[in-house]
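Listed below are the residues making up each chain.
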Amino acid sequence: MTNMPISADLIAEHNAPQIEALQEDYDALGRKLARGGVDIDAIKARVAAFSVAVPSWGAGRGGTRFAKFPIPGEPTNIHEKLEDCAVINQLGRRTPRVSPHFPWDKVSDFVALREEAAALGLGWDAVNSNTFQDQPGQAHSYANGSLSSQDAGARQQAVEHNIECIEIGRQLGSTDLTVWVGDGTNFPGQQDLGRSLDRYLDAAAQIYAALPDDWRMLLEHKMFEPAFYSTVISDWGSSILAAQTLGDKCKCLVDLGHHAPNVNIEQIVARLHRFGKLGGFHFNDSKYGDDDLDSGSINPHQLFLVFNELAEAEANPRDGFNPSYMIDQSHNVTDPIESMLSSAETITACFTKASLVDRAALHAAQEANDTMMAFQALRRAYTIDVAPILAMARMEAGGAIDVLATYRASQYRARKAQERKAVGLGAGIV
Ligand SMILES: [Mn+2]
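Cut-offs applied
Residues numbered from 1 in each chain as written. Predicted model: local features only at pLDDT ≥ 70, side-chain atom pairs only at ≥ 80, totals over all residues. Helix = DSSP H or I, 4+ residues; strand = E, 2+ residues; numbered from the N terminus. Rg over C-alpha atoms; globule rule 2.2 N^0.38 Å. Buried ≥ 20, exposed ≤ 12 C-beta atoms within 10 Å, placed from the backbone. Pairing = 2+ DSSP bridges. Right-handed = clockwise from strand over helix to strand, strands pointing away. Arc of directions from axis to C-beta. Contact = placed C-beta atoms within 7 Å. Core = buried A, V, L, I, M, F, W, Y, C linked by C-beta atoms within 7 Å. Axes fitted to C-alpha atoms, helices over the stretch in contact; angles between N-to-C directions. Parallel < 35°, antiparallel > 145°, perpendicular 65-115°, else oblique. Left-handed = near helix turned anticlockwise from the far one by under 90°. Nonpolar A, V, L, I, M, F, W, Y, C, P; charged D, E, K, R; others polar. Expected span 1.5 Å × (residues − 1).

An unreviewed UniProt entry lists the protein under the name L-rhamnose catabolism isomerase, with Novosphingobium ovatum given as the organism.

Take a look at the structure:
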């Protein structure tokens, strides 16, 4: 690849003085793991094969409903977003796919966009539809809902938009459609809670009917916001019931921030897998609500426990095991590239630690009702510093040992600040 945004020479130059120390750390960790019968190179190979998609909208600075504070050099269109996503993948090597959002990322030629991404070393992940805001010139408003609206015209428009997203996705090479609706109510009595779900299911079935055979439809539940009293697909219960009603190609997507505080999300993951409905994840972290904070920044242990369930599910697949992994964060106070580099590393670290759980010891302790040793089987893996494995896998794939230091040394954002037009002010929650 000749036109990559970061020069391979710069990465190599930054790696050179760190290689010896990395090798020492890797060898030391390898000896420690070998004592427990684990081959560090096999774990490194798992890490090298692991990937998580980045959202196109995550490349821009997010905002709150109060304000958005843009930074110089921020991307203003899908082409610039792709370039930023390429930087993340070049340095970190774990994020080779981008998840687009329509109509935000709409262009006139999607075949050309696919080629543009491929030239940057990127493919495409799940296509996201948007029926939670109105677009200029739109015939029907989503003010009172989209797929569940009482307005048949709005429902039809939402169905057609989702089908258009499938068509765009086919051109891009995607095989998943993620559907999240902002539908819900702010007042008790505002809508009939049963009939609104009926309308949603009826409209969603029309989208499902347009799904190609090798596609999946991923339903994303969310407890509240923008509706504050009820949402139509509020929780994993509503989600799995809808997915079961719609058919085999419909699965549930778990956005970590879309639950009440302290909800046992890892148990939800295990339940969805048990019934063959675990479709994928939106990774982020949360302190109070749908905060869209960086993955693992608040509760990295929970992220590890989610991956522990995924490791268990992978070892015991029911109806297949193929969840899609994606970051879904709003970067309000950081450079989005730095946040996604850091988050991809955190997510990969939790995946790696979960791979190091001695499952035989865990199962034996569970069978013996030995609570402390069962917990310790998890704790032993969680406390291992897997950074040398991640860094070695990155470096061997052409990435940076220290991703943030190399990114800053590249002066990429400063260069883009010279080239790109400034982003306007205003609210910008995504
Ligand atoms: Mn999400």
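Draft legend 1. Quick peek at the overall build of the protein. Along the protein, the regular secondary structure elements total 16 helices and eleven strands. Taken over C-alpha atoms, the radius of gyration comes to 22 Å for the protein, in line with the 22 Å a tight globule of 430 residues would show. Dimensions of the protein along its principal axes, counting C-alpha atoms only, are 65 × 60 × 40 Å. Classification of the 430 residues of the protein by burial places 46% in the buried group.

Draft legend 2. Geometry of the pairing of strand β9 (residues 250-255). In terms of burial, β9 is largely enclosed, as six of its six residues are buried. Side-chain alternation along β9 places Cys 250, Cys 252 and Val 254 on one buried face and Lys 251, Leu 253 and Asp 255 on a second face that is also buried. In this sheet, strand β10 (residues 278-283) lies alongside β9 in parallel orientation, the contact comprising four bridges. In the strand pairing of β10, Cys 252 is matched with Leu 278. The parallel pair β9 and β10, bridged by helix α9 (residues 265-274), forms a crossover whose chirality is right-handed.

Draft legend 3. Region of interest: α9. Among all positions in α9, only Ile 265, Ile 268, Val 269, Leu 272 and His 273 are buried. Viewed along the axis of α9, the buried residues span an arc of 130°, placing them on a single side of the element. Contact partners of the buried residues in α9: α8 (236-246), β9, β10 and α10 (300-315). Backbone geometry just downstream of α9 places Gly 276 in the positive-phi region, at approximately 65°.

Draft legend 4. Molecular detail of the environment of Ala 422. Along the chain, Ala 422 turns up in the segment after α16 (412-419). The class of Ala 422 is exposed, set by 12 C-beta atoms lying within 10 Å. Here the alpha-carbon distance between Ala 422 and Pro 72, two residues 350 residues apart in the chain, equals 6.5 Å.

Draft legend 5. Molecular detail of the sheet that holds strand β1 (residues 54-55). Strands sit in the order β1-β2-β3 across an open sheet of three strands; the sheet is parallel. Every other strand in the sheet has two partners, leaving β1 and β3 (123-124) as the edge strands with one partner each.

Draft legend 6. The nonpolar core, seen in detail. Counting residues in hydrophobic clusters, the biggest one holds 99 residues, and the most contacted among them are Ile 88, Met 217, Leu 219 and Cys 252. Considering every element that reaches this core, the biggest residue donor is helix α11 (residues 336-355), with nine residues. Among all residues touching Met 217, those that are not within four sequence positions of it are Leu 177, Val 179, Ile 207, Tyr 208, Leu 211, Leu 246, Lys 249 and Cys 250.

Draft legend 7. Highlighting the sheet that holds strand β5 (residues 176-179). Here six strands make up an open sheet; going across it, the order is β4-β5-β7-β9-β10-β11 and the pairing parallel. The sheet terminates laterally at β4 (127-128) and β11 (324-327), the two strands that pair on one side only. The pairing of β4 with β5 spans two bridges and is classified as parallel. Each bridged residue has a counterpart across the sheet, and for Val 127 the counterpart in β5 is Leu 177.

Draft legend 8. The arrangement of the packing of helix α7 (residues 193-209) against α8 in detail. One can describe the packing of α7 onto α8 by two numbers: an axis separation of 10 Å at closest approach and a directional angle of 50°. Classed by the angle they form, the pair α7 and α8 counts as oblique. Every pair of crossing elements has a handedness; the one defined by α7 and α8 is right-handed. Across the interface between the two elements, Leu 201, Ala 204, Ala 205 and Tyr 208 of α7 pack against Ala 242, Thr 245 and Leu 246 of α8. Partitioning the contact of α7 with α8 into residue classes produces six nonpolar, one polar and no charged.

Draft legend 9. Representation of α11. Over its 20 residues, α11 runs 28 Å from end to end, which matches the ideal 28 Å to within 8%, given 1.5 Å per residue. Where burial is concerned, most of α11 is hidden: 18 out of the 20 residues are buried.

Draft legend 10. Seen up close, the environment of Val 87. Its place among the elements puts Val 87 in helix α4 (residues 78-92). When the 23 C-beta atoms within 10 Å are taken as the criterion, Val 87 is described as buried. With 312 residues separating them in the primary sequence, Val 87 and Gly 399 have C-alpha atoms 10 Å apart.

Draft legend 11. Geometry of the pairing of strand β7 (residues 216-220). Within β7, five of the five residues are buried, leaving the element largely enclosed by the surrounding structure. Residues Arg 216, Leu 218 and Glu 220 point to one face of β7 and Met 217 and Leu 219 to the other, with burial holding for every one of them. The pairing of β5 with β7 spans four bridges and is classified as parallel. Counted as the bridge partner of Val 179 is Leu 219 from β7. Where β7 meets β9, four bridges bridge the pair, whose relative direction is parallel. Along β9, the bridge assignment pairs Met 217 with Cys 250.

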